[in-house]
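Survey of secondary and tertiary structure
Take a look at the letters that make up each chain.
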Amino acid sequence: MLADTLLIVGVNHKVAPVEVREKLAHNAGCENPVVGIKAIPGCRECCFLGTCNRVEVICSSSSPETTAHAVRQHLFAGSGLSDEEIERYSYLHVGGEAVHHLFRVAASLDSMIVGEPQILGQLKKAYRAAAELQTVGPVLNRFINKSFSVAKRVRTETNIGSSAVSISYAAVQLAKKILGSLADKRVMLVGAGEMAELAAEHLIAQGVAGVVVANRTLERAIGLAQRFNGTAVSLEGLAEELENVDILISSTGATGLVLMRDDVKPIMRQRMNRPLFLIDIAVPRDLDPKLNDLDNVYLYDIDNLKDVVEVNKSERQKEADHASRIVVEETGKFQLWLDGMDVTPTIVAMRQKADSIRLSEVERTLSQLKDLSPKQVKAIEVLASSLINKMLHHPIAFLKEKSEAEGQTRKLEMVRRVFAPQPHFFL
Amino acid sequence: MDVLFPLTVLGYVLATIIYLVWFIKQQKDSRFAARWVLTAAGILHTLSLIARYLEVGHTPITNMHEAVSFFAWSMTWGFLIFRWRYRVKNFGVFVSVGITLLMAVAAMSSREVVPLPPALRSHWLPVHASIALMANAFLAMGFFGGIMYLLQEREIKSRRFGIFFERLPSLESLDSLNQHCLAVGFPLLTLGIITGSVWAKQAWGSYWQWDPKETWSLITWFIYAALLHFRFTMGWRRRRAAIMSIVGFGAALFTLWGVTFLLGGVHSYAG
């Protein structure tokens with residue numbers, strides 16, 4: 001009679017190169033796949049998060065193994081990858097691990113740029129979409145909402161967010177030091193990513209004249225360009241377009257270099273040596289480090305930008321460690337709740353609570369009635385325990401009654417609430 | 001009357017010290033103070049030049065002391081007027097150092113009044129010499145702009161930020177400073193050479209006689225002309241422009257001092 005198990009199937013920048021991530025059936029912008037996933041056998045609730053760098057399917061399932069397999073197949077449908085490849089390029093977290101993972105994601109500890117603030121908003125949007133499509137229920141409601149509050153706690157108790165925000169702030173400061181006023185300057189985004197978009201947003205807030213987006217797939221470039229009110233080009237058009245931009249932010253996730261020194265050298269002449277500020281956010285690098293040797297070309301990669309931000313490395317590590325501890329602590333707490341979402345522990349907890357009430361009440365009564373015979377004492381004790389047993393009989397029978405799994409979870413949630421408005425008292 | 005010049009020097013030194021304190025500590029009050037002291041020193045300097053004019057009876061640009069002092073004066077007022085139209089962050093710090101160095105040279109040169117040689121008794125003297133020295137003043141400002149550019153660029157290129165990154169303006173504004181200094185300095189330089197040539201025709205009967213000073217001023221002119229030419233045709237801006245204006249100013253200084261001390265020639269009385 002175990003309640004549902006939480007599981008997360010995902011693909012992120014750490015396990016899969018961008019070529020693989022692009023093959024996923026559900027790229028950001030497409031129809032929300034939750035309805036399809038919910039139809040998978042065993043899947044009770046689900047939520048789908050898709051960003052540039054990751055895809056996460058959060059489910060609760062009565063048969064985790066089969067559901068996980070089906071979700072993977074669903075995600076990679078039409079990718080042409082073999083089962084082993086699918087396994088290699090995606091991860092599966094079950095139970096406590098899933099809790100830990102989602103909390104880390106929400107707290108931006110799993111992001112390419114640790115602490116970047118967009119992921120929480122993306123997760124909230126994903127949750128809202130799933131809620132509208134009614135694919136989330138009591139378990140995921142609580143789970144995902146908990147992840148928001150964990151993220152919030154991490155943000156208030158640690159300084160983790162400052163480094164990502166200040167990195168894009170540093171990029172803007174540098175751009176201004178190199179180019180002067182940004183009002184007549186153009187920005188080019190090569191590839192897309194959380195950090196690149198954040199930096200682009202900062203630059204747009206500074207009033208840059210235009211945005212150009214270049215991407216391997218033109219459709220995605222067009223989508224992103226629309227968001228920034230800019231134009232889109234394919235990656236082949238990159239060098240040509242370089243003549244007309246002043247700032248380039250690259251985050252393609254390609255395995256090799258995208259732009260070489262010798263590609264840019266002739267362009268600088270065409271540009272009449274107008275300076276070019278290149279920001280390489282990708283890991284591994286997109287831009288040839290030798291580009292910095294060119295006159296009037298200024299190349300910064302993400303580590304350089306991090307160094308600009310005065311927060312030193314050990315400090316940043318300290319903040320990340322602190323955040324990780326918070327996540328572990330919250331995972332533990334949530335795990336306790338989750339374990340309780342099972343019939344047996346719920347019954348045990350109900351009994352324990354009732355027994356503790358019985359014991360304390362009997363003791364109080366007996367201490368007031370001092371001159372009772374042992375028989376009378378016994379009678380009172382029996383009265384108390386039979387009261388409790390009779391009171392609990394129906395709820396317990398109701399819990400043990402077989403029902404379809406989703407109703408089961410709702411029942412548990414309800415009974416737990418009826419008996420203990422505050423969850424920790426119950427546990 | 002002799003008290004004005006030392007007071008002026010003192011004023012410049014004080015302004016420079018306050019400017020340097022401002023540069024390091026970045027407290028706003030010190031910047032205002034520095035600018036006011038510099039302006040006061042500039043006024044004192046003007047009075048001191050007038051006094052010198054009354055004392056010697058001709059425009060005081062005939063020997064090293066007078067020429068360098070006038071050079072510094074042009075730079076002070078060039079900077080202050082420039083600043084009024086066009087601001088460059090912390091430019092004053094560098095310019096004030098330059099002015100003080102010039103004043104140190106002026107203070108160390110002989111201030112003795114010698115009767116004017118006959119060749120210099122001409123209305124062309126104040127015209128030619130003052131234009132040439134004012135050209136130098138603007139080229140000197142371009143020189144300091146170039147130094148600031150290279151300092152700032154070095155920190156940005158190496159991605160290691162020291163004291164300059166925050167304090168110096170953007171590369172873009174340093175580059176346009178260079179352009180502005182040249183836009184004033186180069187026409188003045190050209191005019192200085194032309195007036196000198198016209199005066200030479202009057203005094204010696206030929207426009208050009210390849211005197212070392214003439215040759216070197218022509219070399220200087222060519223350096224700046226090349227810089228301007230390539231700036232507009234081939235986009236030689238920024239780093240190259242900065243280096244060129246440093247080199248060009250080196251040539252200008254050599255024309256002013258090097259020629260006088262090392263090469264001699266018809267201009268050598270200016271020492």
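**Some thoughts on the overall build of chain A**
A count of helices and strands for chain A gives 18 helices and ten strands. Looking at chain A as a whole, 51% of its 427 residues qualify as buried. Long-range contacts, defined as pairs at least 24 residues apart, comprise 72% of the intrachain contacts of chain A with a sequence gap of at least 6. Of the roughly 19,700 Å² of accessible surface on chain A, 54% is carried by carbon and sulfur atoms.

**A look at the packing of helix α5 (residues 124–158) of chain B against helix α9 (residues 238–263) of chain B**
Residue and element names in this part refer to chain B. At a closest axis distance of 8 Å, the pairing of α5 and α9 adopts a crossing angle of 140°. Relative to α9, the element α5 lies oblique. When you trace α5 past α9, the crossing you get is left-handed. Facing L133, N136, L139, A140, G142, F143, G146, I147, Y149, L150 and E153 of α5, the residues of α9 in contact are R238, R239, A242, I243, S245, I246, F249, A252 and L256. Within the contact of α5 with α9, the residues separate by chemical class into 13 nonpolar, four polar and three charged.

**Let's talk about the interface of chain A and chain B**
Across the boundary between the two partners, chain A contributes 21 residues, which contact 24 residues of chain B. Buried area between chain A and chain B, summed over both chains or domains, comes out near 1,800 Å², and the portion from carbon and sulfur atoms is 48%. Three residues stand out in chain A for area buried against chain B, namely K177, M272 and Y298 of chain A, and they jointly supply 36% of the buried area on that side. At the junction of chain A with chain B, the criterion picks out two salt bridges. Note that D295 of chain A and R240 of chain B form a salt bridge whose closest N and O atoms lie 3.8 Å from each other.

**Observations concerning the sheet that holds strand β4 (residues 91–94) of chain A**
All names here are of chain A. The four strands lie next to each other as β2-β3-β1-β4, forming an open sheet whose pairing is antiparallel. The open sheet terminates on both sides in strands that have one partner only, identified here as β2 (43–50) and β4. Going across the sheet, the axis of each strand differs from the next one's by a mean of 15°, ignoring polarity. Here helix α3 (residues 64–75) sits on the sheet and contacts β1 (5–12), β2, β3 (54–61) and β4; the angle it forms with β1, its principal contact strand, is near 25°. Relative to β2, helix α6 (residues 118–132) is tilted by about 140°, and along the sheet it contacts β2 and β3.

**Some thoughts on the side chain of S245 of chain B**
Residue and element names in this part refer to chain B. Relative to the assigned elements, S245 resides in helix α9. Of note is the side chain of S245, whose polar atom sits 3.1 Å from the backbone oxygen of A242. Discounting chain neighbours no more than four positions away, the residues touching S245 are G142, F143, G146, N178, Y224 and L227.

**Some details on a nonpolar patch on the surface**
Residues and elements named next belong to chain B. There is a patch of nonpolar side chains on the surface, built from I43, L47, I50, Y53 and L54 and spanning about 490 Å² of accessible area. Within the element layout of this structure, L54 appears in helix α2 (residues 28–56). Note on L54: relative accessible area 62%, which makes it exposed.

**Considerations on the side chain of N304 of chain A**
Tracing the sequence through the fold places N304 of chain A in helix α13 (residues 302–308). On the basis of relative accessible area, N304 of chain A is assigned to the buried category, the value being 12%. Within the structure, the side chain of N304 of chain A is placed 2.9 Å from the backbone nitrogen of D301 of chain A, a separation counted as a polar contact. A distance of 3.4 Å separates polar atoms of two side chains, one belonging to N304 of chain A and the other to R159 of chain B. In this structure N304 of chain A touches L299 of chain A together with R159 of chain B, once residues within four positions along its chain are discounted.

**Thoughts on the pattern of salt bridges**
Residues and elements named next belong to chain A. According to the stated counting rule, one finds 24 salt bridges over all chains in the structure shown. Residue R153 is joined to E157 by a salt bridge in which the shortest nitrogen-to-oxygen separation is 2.8 Å. Of this pair, R153 and E157 both sit in helix α7 (residues 138–157), four residues apart, roughly one helical turn. Between D262 and R261 there is a salt bridge, and its shortest N-O distance comes to 3.5 Å.

**Quick word on the nonpolar core**
With 110 residues, the main nonpolar core has L203, I247, I249 and F277 of chain A together with M75 and F91 of chain B as its most contacted residues. If you tally residues by element for this core, the top one is α5 of chain B, at 15 residues. In contact with F277 of chain A, other than residues within four places in its own chain, are A171, L174, A175, I178, D246, I247, L248, Y298 and Y300 of chain A. Counting 58 residues, the second largest nonpolar core, distinct from the first, contains V99, A107, L123 and A320 of chain A.

**Some details on the state of the cysteines**
Residues and elements named next belong to chain A. Using the criterion set out here, one finds zero disulfides over all chains in the structure. Looking at the unpaired C43, the closest cysteine sulfur is the one in C59, lying at 4.2 Å. Residue classification places C43 among the buried residues on the basis of a relative accessible area of 6%. Of the cysteine sulfurs around C46, a residue in no disulfide, the closest is that of C43, at 4.5 Å.

**Describing the packing of aromatic side chains**
What the rule picks out here adds up to 18 aromatic pairs over all chains. Considering the side-chain rings of F103 of chain A and F334 of chain A, the 6.0 Å spacing of their centres and the 70° angle between planes classify their relative orientation as edge-to-face. Taken together, the residues F103 of chain A in helix α5 (residues 96–106) and F334 of chain A in helix α14 (residues 313–340) connect sequence positions 231 residues apart. Judged by relative accessible area, F334 of chain A falls into the buried class, the value being 2%. Pairing F143 of chain B with F249 of chain B gives two aromatic rings, centres 4.9 Å apart and planes at 35°, and the pair type is tilted. Of this pair, F143 of chain B sits in helix α5 while F249 of chain B sits in helix α9, and the two are 106 residues apart along the sequence. With relative accessibility at 18%, the residue F143 of chain B sits in the buried group. Residue classification places F249 of chain B among the buried residues on the basis of a relative accessible area of 7%.

**As for unusual backbone geometry**
Here N296 of chain A, not a glycine, exhibits a phi torsion of approximately 65°, which is positive. Examined against the element boundaries, N296 of chain A turns out to sit in the loop between β9 (276–280) and β10 (297–301). Phi is positive for W210 of chain B, close to 55°, though the residue is something other than glycine. Examined against the element boundaries, W210 of chain B turns out to sit in the loop between α7 (171–204) and α8 (212–234).

**Here we look at a positive patch on the surface**
On the surface, a cluster of positive charge is contributed by K124, K125, R128 and K152 of chain A. Sort the elements by how many residues they give to the positive patch and α6 of chain A lands first, with three residues.

**Brief notes about the confidence of the model for chain A**
When pLDDT is averaged along chain A, the result is 83, and 89% of the positions lie at 70 or above. Counting interchain partners and residues more than four positions distant, the pLDDT-below-50 stretch residues 421–427 of chain A has 13 contacts.

**Brief notes about the environment of Y149 of chain B**
In this structure, Y149 of chain B sits in helix α5. The spatial distance from the C-alpha of Y149 of chain B to the C-alpha of D175 of chain B is 7.2 Å, given a sequence separation of 26 residues. Those residues in contact with Y149 of chain B that sit more than four places away from it in its chain are N296 and Y298 of chain A together with L171, L174, D175, R238, R239 and A242 of chain B.

Reading the values: rules and limits
Starting from 1, residues in each chain are numbered consecutively following that chain's sequence as written. Following the order in which they are written, the chains are lettered starting with A and the ligands numbered starting with 1. This being a predicted model, a pLDDT of at least 70 is required before a residue's local features are given, and a value of 80 or more before pairs of side-chain atoms are given or counted; all residues contribute to the totals for chains, interfaces and linings. Each side-chain value is worked out from all heavy atoms of the structure, with water and hydrogens disregarded. A run of H or I in DSSP becomes a helix once it reaches four residues, and a run of E becomes a strand once it reaches two; helices and strands are each numbered from the N terminus. To sort residues, take the accessible area from a 1.4 Å probe on protein chains only and compare it with the maximum for the residue type: under 20% means buried, over 50% means exposed, and anything in between is partly exposed. When checking whether two residues touch, look at their non-hydrogen atoms; a contact exists if any pair is within 4.5 Å. All accessible-area figures derive from a Shrake-Rupley calculation using a 1.4 Å probe, and residue coverage is judged against the displayed protein chains alone. Lines are fitted to the C-alpha atoms to define the axes, a helix being fitted only along its stretch in contact, and any angle between axes, read from their N-to-C directions, falls within 0 to 180 degrees. Angle categories: roughly parallel below 35 degrees, roughly antiparallel above 145, roughly perpendicular from 65 to 115, and oblique for all the rest. Handedness of a crossing follows from how the near helix is turned relative to the far one, being left-handed for an anticlockwise turn of less than a right angle and right-handed for a clockwise one. In the scheme used here, Gly and all other residues not listed as nonpolar or charged are polar, with Ala, Val, Leu, Ile, Met, Phe, Trp, Tyr, Cys and Pro taken as nonpolar and Asp, Glu, Lys and Arg as charged. Defined in terms of a 1.4 Å probe, buried area is the accessible area two parts forfeit on being brought together, summed over both. A side-chain nitrogen of Lys or Arg and a carboxyl oxygen of Asp or Glu constitute a salt bridge if their distance falls within 4 Å. Two strands are said to pair when DSSP picks up at least two bridges between them. Here a polar contact is recorded for every N or O atom pair within 3.5 Å, except that within protein the pair must consist of a potential hydrogen donor and a potential acceptor, and residues adjacent in sequence are included only if both atoms are side-chain atoms. In this scheme, patches are assembled from residues that exceed 30% relative accessible area and form no salt bridge. Like charges are connected within 9 Å, while nonpolar side chains (Val, Leu, Ile, Met, Phe, Trp, Tyr) are connected within 5 Å. To qualify as a nonpolar core, a set must consist of buried Ala, Val, Leu, Ile, Met, Phe, Trp, Tyr and Cys residues joined through side-chain atoms within 4.5 Å. Note on disulfides: each one is a pair of cysteine sulfur atoms within 2.5 Å. Here is the rule: rings of Phe, Tyr and Trp (six-membered ring for Trp) pair when centre to centre is within 6.5 Å. Planes less than 30 degrees apart are stacked, more than 60 are edge-to-face, and the remainder are tilted. We treat Lys and Arg as the positive residues and Asp and Glu as the negative residues; His and chain ends play no part in the count. Here the site of a charge means NZ on Lys, CZ on Arg, CG on Asp, or CD on Glu. Confidence of the predictor at the level of single residues is given by pLDDT, which spans 0 to 100.

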